[in-house]
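# Inside the fold
This is what each chain is made of:
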Amino acid sequence: MRKTLLTASLLSVFLFSCSNDDNTSNKQLKLFTTSNTSGKVSVTDLAMATPMTYSFTVASTDADGAYYFSDSDEFILASRSNNKIELYDGVTSAMMNNATSLPLTFTSTSDFNNAREIAVYGDKVVVTQDQNAANSNTNKLLVYQKTNSGFMLLNTFTVDFKVWGIHLDGNTLYAVADLTSDVVVFNNFFANANGTIMPTKRVSIEGLVRTHGITYAKKTDTMVLTDVGSATSDSDGGVIVIKNFSSVLANTSNMGTIATANQLRIYGSATMLGNPLDVAYDGSTKKIYVAERLFGGGKVLTFDLPTASVNAAPVASRDEAGVSSVFLFRE
């Protein structure tokens, strides 16, 4: 599919986002998504005077996790159909030329099965492997180094929890423990030796049923999590925001609980949240972007950062079949 105009409601949100940031017209602001079903990725250029969404065919029919390297104009994803990290070059050129596909430049070796997320710090790329029968029910965190010609596997870590979303803040790795309400933290993550590793801290989030998506904005000290609830329900999902997260975490004991009093919650019949798999947050515009996998077959939803717990409709919604991950790049 070639580039498509955004809906009026989505366009108004994106125009506001652009006007609310100093010199945004001279900077990049892009939203990337992947899909479990379509074999496509999308890029929405939010810095354009009239924002546009572009859709590109890629080599992976089932992908989770996304990241964009702006300096080299390269996009990477974790392929669940090919069990590799795949790198695609020339994103900007493809957008300018209204291309229908992205060129696959190189891949990693096949070291994982059933990938669920990517996190990046510098030239280090971390991939989660979620347990299934094909990987002997082993949950792993794999660390690669990105080079000019490929990805070199540096470390393989085994963890004692079912993995899904991860986020890197420098040398600190935040992860969710799938099938639980827990968030785990690894300080000095890259200093670990191969083998089984244990988190520095693990905490539960009160009222959260099943964690999946996670992102952290250090500048505003804001943690955002998604709750998929029941995997078969398209109406019981939610988003949880924890402000002043560093102090809230520090004041919560290991294996303790972060109370609902420390949360801002988006739940309810108006939200379109059923299975929100991934989340991105823009601290400049206070917008939350969600990859909603189940409701309506897949939607990219945008919410305003709430000031109180709400049952609120998204301020924008765009259909995207099988959407599995979302990544926001702001220059």
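Preceding this paragraph is the structure being described.
Now for a look at the structure at hand. Model, not experiment: these values are computed from the prediction.

## Here we look at the sheet that holds strand S11 (residues 140–146)
One open sheet holds the 5 strands; their spatial order is S9-S10-S11-S12-S16, and the pairing between them is mixed. Strand pairing shows two members of the sheet lacking a second neighbour, strand S9 (115–121) and strand S16 (195–196), which therefore form its edges. Relative to S16, strand S12 (residues 151–158) runs parallel, the two being bridged by 2 bridges. By the bridge assignment for S16, Thr158 is matched with Thr196.

## Considering empty space enclosed by the protein
This structure, assessed with the given rule, holds 2 cavities of 30 Å³ or more. Roughly 40 Å³ of internal volume is contained in the largest cavity. In this structure, the largest cavity is lined by Asp64, Gly65, Arg116, Glu117, Trp164, Gly165, Leu277, Asp278, Ser324 and Ser325. At the level of secondary structure, the elements contributing two or more residues to the lining of the largest cavity comprise strand S5 (63–69), S9, strand S13 (163–169), strand S23 (276–282) and strand S27 (323–330).

## Notes on the side chain of Glu292
Within the fold, Glu292 resides in strand S24 (residues 287–292). This buried residue, Glu292, is left without a salt bridge; Arg293 holds the nearest opposite charge, at 7.9 Å. Engagement of the side chain of Glu292 in a polar contact is seen with the backbone nitrogen of Asn275, the distance being 3.0 Å. Excluding its chain neighbours within four sequence positions, the residues that come into contact with Glu292 are Met272, Leu273, Gly274, Asn275, Pro276, Gly298, Lys299, Leu301 and Val323.

## Topic: the environment of Ile266
Topologically, Ile266 is positioned in strand S22 (residues 264–267). On the basis of relative accessible area, Ile266 is assigned to the buried category, the value being 1%. Expressed as a C-alpha distance, the spacing of Ile266 and Leu46, which sit 220 residues apart in the sequence, is 24 Å. Residues contacting Ile266, with those up to four places away along its chain left out, are Gly237, Gly238, Val239, Thr271, Leu273, Ile288, Phe303, Asp304, Pro306, Val310 and Ala312.

What counts and how
- Residue positions are counted from 1 within each chain, in the order its sequence is given.
- Given that this is a predicted model, residues contribute local features only at a pLDDT of at least 70 and side-chain atom pairs are listed and counted only at 80 or more, while totals for whole chains, interfaces and linings are drawn from all residues.
- Side-chain measures were taken over the full set of non-hydrogen atoms in the model, leaving aside hydrogen atoms and water.
- The pairing criterion is simple: DSSP has to find at least two bridges between the two strands.
- For the purposes of this entry, the term helix denotes a DSSP run of H or I that reaches at least four residues, the term strand denotes a run of E that reaches at least two, and both are numbered from the N terminus.
- Using a grid of 1 Å spacing that covers the protein atoms alone, one calls a set of points a cavity when a 1.4 Å probe fits there but cannot get out, and a pocket when the set is open and has protein on both sides within 12 Å along at least five of seven lines; lining residues are those with an atom within 4 Å of a point.
- Grid points are joined across faces, edges and corners, and a volume is the space filled by probe spheres set on the points.
- Buried residues are those whose accessible area, probed at 1.4 Å on protein chains only, stays under 20% of the maximum for their type, while exposed residues exceed 50% and partly exposed ones sit between those limits.
- Asp and Glu count as negative and Lys and Arg as positive, but His and the ends of the chain are not part of the count.
- Any carboxyl oxygen of Asp or Glu that lies within 4 Å of a side-chain nitrogen of Lys or Arg is treated as forming a salt bridge with it.
- Polar contacts, as used here, are pairs of N or O atoms within 3.5 Å; protein pairs need one atom able to donate a hydrogen and one able to accept it. Residues neighboring in sequence count only if both atoms are side-chain atoms.
- Should any heavy atoms of two residues lie within 4.5 Å, those residues are considered in contact.

Geometric descriptors of this kind do not, in isolation, establish any biological role.
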